Amino acid sequence: MNKQNYNPIEEVLEKIKEKGGWVNTHSHLDRAYSLTSDTFALSNSYLKEKWHLVDDMKRNSSVDDIYFRMEKAINYMLEQGCQAIGSFIGRYSRKSICA
């Protein structure tokens, strides 16, 4: 690549490939795809104000819902070349996932 056409993005992407690919070190796979058009307006709210959204989502999720969100997110990251994922999984009550 000559100096006139230098593209730093290409250089970074090449270095990522050389090192083995992308790594997502902070995901919440169980909450993947939980953002909706209704909740998007709250995305800039303080964390404490958003906790009720996560609590509602957890309360209303079945095991199949959680599995589907996690599987979809993992497959999407793999398609983009992600080689490793570190995830934080929230605590669910037995009542919410056994219903």
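Please refer to the structure higher up on the page.
The structure contained in this document is the topic of the report that follows. (Residues numbered from 1 in each chain as written. Predicted model: local features only at pLDDT ≥ 70, side-chain atom pairs only at ≥ 80, totals over all residues. Heavy atoms only, no water.)

## Focus on the nonpolar core
Phase 1 of the analysis: Among the nonpolar cores identified, the biggest contains five residues, and these are Leu29, Ala32, Ala73, Met77 and Cys82.
Phase 2 of the analysis: Ignoring sequence-local partners within four residues, the contact set of methionine 77 consists of Asn24, Leu29, Cys82 and Ile85. (Core = buried A, V, L, I, M, F, W, Y, C linked by side-chain atoms within 4.5 Å. Buried < 20%, exposed > 50% of the residue type's maximum accessible area, 1.4 Å probe, protein only. Contact = heavy atoms within 4.5 Å.)

## Focus: helix H3 (residues 63-79)
Phase 1 of the analysis: Given a rise of 1.5 Å per residue, 17 residues ought to cover 24 Å, and the 24 Å separating the end C-alpha atoms of H3 matches this to within 8%.
Phase 2 of the analysis: Regarding H3, the residues found buried are Ile66, Arg69, Ala73 and Met77. Take H3 and look down its axis: the buried residues cluster within an arc of 70 degrees, on one side only. Exposed positions of H3 whose direction lies more than 90 degrees from the buried face are Asp64, Tyr67, Phe68, Leu78 and Glu79.
Phase 3 of the analysis: Glycine 81 occupies a position one or two residues after H3 and carries a positive phi of about 95 degrees. (Helix = DSSP H or I, 4+ residues; strand = E, 2+ residues; numbered from the N terminus. Expected span 1.5 Å × (residues − 1). Arc of directions from axis to C-beta.)

## Quick word on the layout of surface pockets
Phase 1 of the analysis: Estimates place the volume of the largest pocket at around 450 Å³.
Phase 2 of the analysis: Lining the largest pocket are 17 residues; nearest its centre among them are Arg31, Ser34, Leu35, Leu53 and Val54.
Phase 3 of the analysis: When residues of the lining of the largest pocket are traced back to their parent elements, those giving at least two are strand S1 (22-27) and helix H2 (47-59).
Phase 4 of the analysis: The element that contributes the greatest number of residues to the lining of the largest pocket is H2, accounting for seven residues.
Phase 5 of the analysis: The class makeup of the residues in the lining of the largest pocket is eight nonpolar, six polar and three charged. (1 Å grid on protein atoms, 1.4 Å probe; cavity = no way out; pocket = protein on both sides within 12 Å on 5 of 7 lines; lining within 4 Å. Points joined across faces, edges and corners; volume = space filled by probe spheres on them. Nonpolar A, V, L, I, M, F, W, Y, C, P; charged D, E, K, R; others polar.)

## Re the packing of aromatic side chains
Phase 1 of the analysis: Under the criterion given, the structure shown has zero aromatic pairs.
Phase 2 of the analysis: It is lysine 72 that lies over the ring of tyrosine 33; its NZ or CZ is 4.3 Å from the centre. (Phe/Tyr/Trp six-rings, centres within 6.5 Å; stacked < 30°, edge-to-face > 60°. Lys NZ or Arg CZ within 6 Å of the ring centre and 35° of its normal.)

## Quick word on a nonpolar patch on the surface
Phase 1 of the analysis: A grouping of Ile9, Leu13 and Trp22 is seen on the molecular surface, where their side chains present a nonpolar patch of about 310 Å² in accessible area.
Phase 2 of the analysis: Among the structural elements, tryptophan 22 can be located in strand S1.
Phase 3 of the analysis: Since its relative accessible area comes to 44%, tryptophan 22 is described here as partly exposed. (Patch = residues over 30% accessible without salt bridge, like charges linked within 9 Å, V, L, I, M, F, W, Y side chains within 5 Å. Areas by Shrake-Rupley, 256 points an atom, 1.4 Å probe, with all protein chains shown as cover. Salt bridge = Lys/Arg side-chain N within 4 Å of Asp/Glu carboxyl O.)

## Some remarks on H2
Phase 1 of the analysis: With 13 residues, H2 extends 18 Å from end C-alpha to end C-alpha; this agrees with the ideal 18 Å at 1.5 Å per step.
Phase 2 of the analysis: When we look at burial in H2, the residues that qualify are Val54, Met57 and Lys58. All buried residues of H2 lie within an arc of 95 degrees about the axis, which places them on one face of the element. Those residues of H2 that are exposed and angled more than 90 degrees off the buried face are Lys48 and Arg59.

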